[in-house]
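Single-letter residue listing:
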Amino acid sequence: MPLPLILGIGAGIAAAGGAGAGINGGIKMKQASTTLKKATQKREEAIARFEEKNISTTEIMDDLGKDEIEICSQFQNFALLFELIQNKPEFGDIIPNDVNIPKYDPEELKKISIGAGIIAGGLGGAAAGTAGGFAAAGLTTSAVMALGTASTGTAIASLSGAAATNATLAALGGGAIAAGGGGMALGSTMLGVSTAGVGILVGGIIFSVTGAKLSQKADQAYYQALETERKIEDIIDYLGDLDVNAKKFHKMLNTVWKLYQKSFKELEEIIVDKRKLNWKEYTKTEKLITQNCVLLVGLLFKMCKIQLVLKKTEEDGEERSFVNTTEISSCMEEVDVAIEKMCA
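Now for a look at the structure at hand. (Residues numbered from 1 in each chain as written. Predicted model: local features only at pLDDT ≥ 70, side-chain atom pairs only at ≥ 80, totals over all residues. Heavy atoms only, no water.)

A word on the overall build of the protein chain. Secondary structure summary: the protein chain contains ten helices and two strands in total. In sequence order, the secondary structure elements of the protein chain are arranged as α-α-α-α-α-α-α-α-α-β-β-α. Within the protein chain, buried positions represent 43% of all 344 residues. Across the protein chain, the fraction of contacts at a sequence separation of at least 24, relative to all contacts at a separation of at least 6, is 75%. Accessible surface for the protein chain amounts to roughly 17,300 Å². Of this, 55% is attributable to carbon and sulfur atoms. (Helix = DSSP H or I, 4+ residues; strand = E, 2+ residues; numbered from the N terminus. Buried < 20%, exposed > 50% of the residue type's maximum accessible area, 1.4 Å probe, protein only. Contact = heavy atoms within 4.5 Å. Areas by Shrake-Rupley, 256 points an atom, 1.4 Å probe, with all protein chains shown as cover.)

This is the structure we're talking about:
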């Protein structure tokens, strides 16, 4: 066979092979592009679901936190009023024996009240999730720590707005309540993602995956997207659990608060308006009013002490947050029983 013909045949075969490889490569590139698009879409949809759930849960927790702050700031009024009653029995003797509420400590109530006032003063310029973070950590504990900080160096009481909030949060440290930036302690969330803002998985959570670029390798990018989606779904489940428990807890807290306000007003009329300061002169009805007020302030104290969120270290070494459902349920059951006793 003449050489030119052989070369021509060889060139034709090579061209056919090259075309085949080109077509195959084009198909793979198209598949890779489609996979990358799916990966990007999966990740973006998961993040959008999180952001929507995070906003709603933050609002719920902030509403609860603000009410707890308001309630605790009123404790001092009760302590001062109750102390005016002379010859009264011990606080524990006034309430039913089978109702479990914290031992009455007027000084502690006053500290909590003042501390809650300090926190309230700083909420004006605070980011979303701040009040909810206090509720998640247990408001009474946070209030005492805020007061302690104000009296031992950091003049929180002289600050206002965001400055007061930031100073308080910085003092409370990197425990249950944490704030990002400005030298303040940095908390960690359920999945080890950092928080910017305040609270425990409430407000300002930024996923490390959000700002990251997907890998150029399609298969690896898709795996990363699936892993991101799984983690976000875990967080959404957690937020849903927190959402449900916070709503139930908040509803019962409001019920007790309304009963307390009515009872406190009645007690105030006895002591301030009627000037009845001697327990021995109280009628049966007046003693019952006093008993109910004592019981209700004890219940409010107990509820505001509950940590809605706890943390635990998993086997993989990561610290994760979880809803304190056991203590929340137990507290609510005890409140139900106590209210029945009060109304009986």
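Read on for the rest.
Looking now at the pattern of salt bridges. Summed over all chains, the structure comprises 13 salt bridges. Ionic pairing is found between E107 and K110, a salt bridge with its closest N-O pair at 3.5 Å. Within this pair, E107 and its partner K110 are both found in helix α4 (residues 106-122), separated by three residues, close to a single helical turn. On the basis of relative accessible area, E107 is assigned to the partly exposed category, the value being 45%. Accessibility expressed as a relative area gives 15% for K110, which makes it buried. Put simply, E286 and K276 hold a salt bridge, and the shortest N to O gap is 2.7 Å. On the criterion of sequence distance, the pair formed by E286 in helix α9 (residues 284-305) and K276 in the loop between α8 (218-273) and α9 is long-range, its members being ten residues apart. Here E286 falls in the buried class, since its relative accessible area comes to 7%. (Salt bridge = Lys/Arg side-chain N within 4 Å of Asp/Glu carboxyl O.)

So, on to unusual backbone geometry. You will see that N87, though not glycine, has its phi angle at about 60°, which is positive. Note on placement: N87 falls in the loop between α2 (75-82) and α3 (91-94). Within the chain, R275 stands out as a residue other than glycine whose phi angle is a positive 60°. Relative to the assigned elements, R275 resides in the loop between α8 and α9. For R275, a relative accessible area of 55% gives the class exposed.

Between the first and last C-alpha of α8 there are 78 Å, a value that for 56 residues agrees with the 82 Å anticipated at 1.5 Å per step. Just downstream of α8, R275 is the residue with a positive phi angle, here 60°. (Expected span 1.5 Å × (residues − 1).)

Once that is clear, we can look at the packing of aromatic side chains. By the definition in use, this model includes five aromatic pairs. Measuring from centroid to centroid gives 5.6 Å for W257 and Y260, while their planes differ by 20°, and the two rings are stacked. Here W257 and its partner Y260 are both found in helix α8, three residues apart, which amounts to about one turn of the helix. Ring plane angle 35° and centroid distance 5.4 Å describe the contact between W279 and Y282, whose orientation is recorded as tilted. Members of the aromatic cluster, each reached through a chain of ring pairs, are W257, Y260 and F264. The residue whose ring lies beneath K88 is F82, and the NZ or CZ to ring-centre distance is 5.0 Å. (Phe/Tyr/Trp six-rings, centres within 6.5 Å; stacked < 30°, edge-to-face > 60°. Lys NZ or Arg CZ within 6 Å of the ring centre and 35° of its normal.)

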